[in-house]
Amino acid sequence: MTESTVVQRTIVVQAPQHEAFHVFTDRFGDFKPREHNLLGVSIAETVFEPKVGGHIYDRGTDGSLCRWARVLAYEPPHRVVFSWDIGPTWQIETDPDNASEVEVRFVAETPERTRVELEHRNLDRHGPGWESVRDGVGNDGGWPLYLDRYAGLLPVKS
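This report concerns the structure included in the present document. This is a predicted model, so every value here is computed, not measured. Position numbers for residues count from 1 along each chain, tracking the sequence in the order it is written. Residues qualify for local features only when their pLDDT is at least 70, as the model is predicted, and side-chain atom pairs are given and counted only at 80 or more; totals for whole chains, interfaces and linings, by contrast, use all residues. Side-chain descriptors were evaluated using all non-hydrogen atoms of the structure, hydrogens and water having been removed beforehand.

1. Observations concerning the pattern of salt bridges
To keep things clear, this is the line we draw: For this analysis, a salt bridge means a side-chain nitrogen from Lys or Arg found within 4 Å of a carboxyl oxygen belonging to Asp or Glu. A helix here means a DSSP run of H or I that spans at least four residues, while a strand means a run of E at least two residues long, and both kinds are numbered starting from the N terminus. For each residue, the accessible area found with a 1.4 Å probe, counting protein chains only, is set against the maximum for its type, and the residue is called buried under 20%, exposed over 50%, and partly exposed in between.
One pass over the full model with this rule turns up 17 salt bridges. A salt bridge links Arg 105 to Glu 117, with the shortest nitrogen-to-oxygen separation between them at 3.1 Å. One end of the pair, Arg 105, is in strand 6 (residues 100–110); the other, Glu 117, is in strand 7 (residues 113–121), with twelve residues separating them in the sequence. Taking relative accessible area as the criterion, Glu 117 reaches 16% and is therefore assigned buried. Here Arg 115 makes a salt bridge to Glu 117, at a shortest N to O gap of 2.7 Å. Under the relative-accessibility criterion, Arg 115 is labelled partly exposed at 25%. Taken together, the salt bridges that share partners define one network made up of Glu 75, Arg 79, Glu 101, Glu 103, Arg 105, Glu 109, Arg 113, Arg 115, Glu 117, Glu 119, Arg 121 and Arg 125.

So this is what it looks like as structure tokens:
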């Protein structure tokens, strides 16, 4: 049996497509768990630079930076793709060929409801031990936690 090199998660949010997209990118630091930290100090903020060639990075309380993703596609309000530059030992991966990719698609189901489809793929690019990355991002403390916190940022509509 072949092991999956992809983690997929889908949620539906009660928000228009453009709002769902912008809350995900503009407020990424509001739902990324602060305990997911590769810095030696506490995280002051997490920044998602909204452009191809931008980064997702954590800024420490001492001003230090940890760039842990590169924005590969930025297509509001439809999709965003970024690299996952964190290897199996939970350290920064500096070789882009050893990074996986995360694609997030925002699909309008109605004018007020959006399906958010997250696909974390090419996990085997991380090399030996890549399964720990898959298991880490796929378990309850990984993408499900991020998406749950993200959905909590959107207004509840009845």
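2. Some remarks on the nonpolar core
For soluble globular proteins, nonpolar side chains are generally found buried alongside one another. The criterion, for reference: As used here, the term nonpolar core means buried Ala, Val, Leu, Ile, Met, Phe, Trp, Tyr and Cys residues forming a set that is joined through side-chain atoms within 4.5 Å. We call two residues contacting when some pair of their heavy atoms lies within 4.5 Å.
Residues Phe 24, Val 80, Phe 82, Val 104, Phe 106, Trp 143 and Tyr 150 are the most contacted members of the largest nonpolar core, which totals 36 residues. Examining the composition of this core, we find that five residues originate from one element, strand 4 (residues 65–75), more than from any other. Apart from the residues lying within four places of it in its own chain, the contact partners of Phe 106 are Gln 17, Ala 20, Phe 21, Phe 24, Pro 77, His 78, Arg 79, Val 80, Thr 114, Arg 115, Val 116 and Tyr 150.

3. Brief notes about unusual backbone geometry
A cis geometry characterises the amide bond from Pro 76 onward to Pro 77, with omega recorded as -5°. Looking at the element boundaries, Pro 77 is found in the loop between strand 4 and strand 5 (79–84). We note that Trp 90 has phi near 60°; this positive angle belongs to a residue other than glycine. By the secondary structure assignment, Trp 90 is in the loop between strand 5 and strand 6. On the accessibility criterion, Trp 90 (33% relative accessible area) is partly exposed. In this structure, Asn 122 is a non-glycine residue whose phi angle is positive, near 60°. Looking at where Asn 122 falls in the secondary structure, it is placed in the loop between strand 7 and helix 3 (130–138). Residue Asn 122 is classed as partly exposed on the basis of its relative accessible area, which comes to 23%.

4. Here we look at the sheet that holds strand 6
Basically, it comes down to this: Any two strands with at least two DSSP bridges between them are considered paired. Axis definition: a line fit to C-alpha positions, over the contact stretch in the case of helices; interaxial angles, taken between N-to-C directions, run 0 to 180 degrees.
The strand order across the open sheet formed by seven strands is 1-7-6-5-4-3-2, and the pairing between neighbours is antiparallel. The sheet terminates laterally at strand 1 (7–13) and strand 2 (43–48), the two strands that pair on one side only. Between one strand axis and the next, the sheet turns through 20° on average, direction left out of account. Where helix 4 (residues 143–153) meets the sheet, its contacts fall on strand 1, strand 5, strand 6 and strand 7, and the angle it forms with strand 1 comes to roughly 15°.

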